[in-house]
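Coordinates in review
As a plain string of letters, each chain reads:
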Amino acid sequence: MGNKGNNLKKPGVKTLSIHHGETFSEETGCVMPPIFSTSTFKHGNKQNFDYTRSGNPNFKILENILKSIEDSKYCTVFGSGISAVTAITSTLKSGDKILCESNLYGCTVRMFDKVFKKFGIEALYTDFTDKKSIKKIKDLQPTLIWLESPTNPLLKILDIKLICDEANKHKIPVVLDNTFSTALIQKPLELGATLSLISTTKFINGHSDALGGAVLTNNEEWNSKMLFSQKALGLQPSPFDSWLITRGVKTLPLRIEQQTKSAEIISKELENHRNIFKVLYPFNQKHPQYNLAKSQMKSGGSMLTLKLNLNKSDTFKFCKSLKYFSLAESLGGVESLICHPATMTHASVDDKTKNLLGIDDSLIRLSVGCEDTNDLMSDILFALNKF
Ligand SMILES: Cc1ncc(COP(=O)(O)O)c(C=O)c1O
């Protein structure tokens, strides 16, 4: 054991999540950084802070932690995951095309189809689990490729490296929304993505009490574009939310460990239940992309999607009769949540598309929290056995 002298190894992720380096308040010795609740800064300050819309010490502290756990050169924080989506999409111009995975978070689809479409930006959708769709990159020559893996809510696993290799051949940037995994489970930039996007509202913060987003990259030009979007479009977070997320991220590795362990156990135990038609969990052997998930991800994460053998009304009764899983939007917090994607996260997606994707009325999505595994398991079984 032991490293001698200055020959320290790169710290592990539990250490990196806790030690945020500079707190911008060294003279006080405070261990936790203060909340720099200021809109503006006196000119001539050492760090060159100017106005909080374009930077604030609390943003910098959080950006430094996110960079260190992702191993990226740059990070820009935003007011929400959707602000991060806006920041990237706003770099496009009329006539540009985004080639997207067909199953994306509903509000990302809404943003493309209901907002940016009006400005002449076209989103095209394809099932990237089908190897043939890789050919579309060359044929369509899109301006940008937009991926999620695992996808929300179907937990499809895309071959990130394969898609990025093809995109990089044609110099097409790839965005990977890594909200469901975080850098602890997979590192999109290492797999070839240009931009790794994350809603820090979810696992990174982990306590369902703040909203945030971030874009990480190794590309200097993209970093400048993100800083420009943060400032020019007013997409910045608040110092307080950044401070909360900085506090939350310190326990990310511990939370992910517990949440993943429970999700894996629940996925196994539920697969043969009479009221479960299908369990979707990346590290469950029956998952259609199980081998790919095993090769690309460090763990299966803590999102679990179930297709129930119940009609819509009983599916809702089931959701509402759970004690520890609250029926609510969002995911990734210490508390377990259940969601009905067809009427909640994907309500804005048209019915035809939802049917085509398989987001139907008996599909539910669980975000497994940090409660005791046995309690969560009994809660689900008790509610399921009523039908
Ligand atoms: C995959 C994914 N990306 C982005 C977002 C948007 O994040 P936010 O709610 O922080 O805007 C969400 C929210 O659920 C999400 O699930």
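Anyway, here's the lowdown on the structure attached to this text. Here, residues in each chain are numbered from 1, in the same order as that chain's written sequence. Residues qualify for local features only when their pLDDT is at least 70, as the model is predicted, and side-chain atom pairs are given and counted only at 80 or more; totals for whole chains, interfaces and linings, by contrast, use all residues. Hydrogens and water are ignored here; the side-chain numbers use all heavy atoms of the structure.

**Topic: empty space enclosed by the protein**
The rule is simple: put a 1 Å grid over the protein atoms alone, call a set of points where a 1.4 Å probe fits but cannot get out a cavity, call an open set with protein on both sides within 12 Å along at least five of seven lines a pocket, and count a residue as lining if it has an atom within 4 Å of a point. Grid points are joined across faces, edges and corners, and a volume is the space filled by probe spheres set on the points. Considering all chains together, one arrives at two cavities of 30 Å³ or more under this definition. Volume-wise, the largest cavity comes out at about 50 Å³. Around the largest cavity, the lining residues are L66, I69, E70, T182, A183, I198, I204 and L216. Side-chain classes are defined by residue name, with Ala, Val, Leu, Ile, Met, Phe, Trp, Tyr, Cys and Pro counting as nonpolar, Asp, Glu, Lys and Arg as charged, and the others, Gly among them, as polar. Taken together, the residues of the lining of the largest cavity break down into six nonpolar, one polar and one charged. Its volume calculated, the second largest cavity comes out at about 40 Å³. Lining the second largest cavity are P150, L155, F180, S181, I185, P282, M297, G300, G301, S302 and M303.

**Let's talk about the sheet that holds strand 7 (residues 213-217)**
Read across the sheet, seven strands follow the order 1-7-6-5-4-2-3 without closing on themselves; strand pairing throughout is mixed. At either margin of the open sheet sits one strand with a lone partner, and together these are strand 1 (74-78) and strand 3 (122-126). With strand direction ignored, the average angle separating the axes of adjacent strands in the sheet is 20°. For strand 1 and strand 7, the ladder comprises five bridges, and the chain directions are antiparallel. In the sheet register, F78 faces strand 7, and the bridge partner there is G213. Any two residues whose heavy atoms approach within 4.5 Å at even a single point are treated as in contact. To get an axis, a line is fitted to the C-alpha atoms, and for a helix only the part in contact is used. The angle between two axes follows their N-to-C directions and goes from 0 to 180 degrees. Put simply, DSSP H or I for four residues or longer makes a helix, DSSP E for two residues or longer makes a strand, and each gets a number counted from the N terminus. Taken strand by strand, helix 2 (residues 57-70) contacts strand 1, strand 6 (195-199) and strand 7, and its axis lies near 130° from that of strand 1. Here the rule is simple: two strands pair whenever DSSP picks up at least two bridges between them.

**Remarks on the pattern of salt bridges**
Only one rule defines a salt bridge in this text: a Lys or Arg side-chain nitrogen within 4 Å of an Asp or Glu carboxyl oxygen. Summed over all chains, the structure comprises 13 salt bridges. As a salt-bridge pair, E63 and K60 come within 3.4 Å of each other at their nearest N and O atoms. Of this pair, E63 and K60 both sit in helix 2, separated by three residues, roughly a single helical turn. Across the salt bridge formed by E166 and K169, the nearest N and O atoms sit 3.1 Å from each other. Placement of both E166 and K169 in helix 6 (residues 160-169) is noted, with a separation of three residues, approximately one turn of the helix. For every residue, the accessible area obtained with a 1.4 Å probe (protein chains only) is divided by the maximum for its type, and the residue is called buried under 20%, exposed over 50%, and partly exposed between those limits. The exposure class of E166 is buried, given its relative accessible area of 14%.

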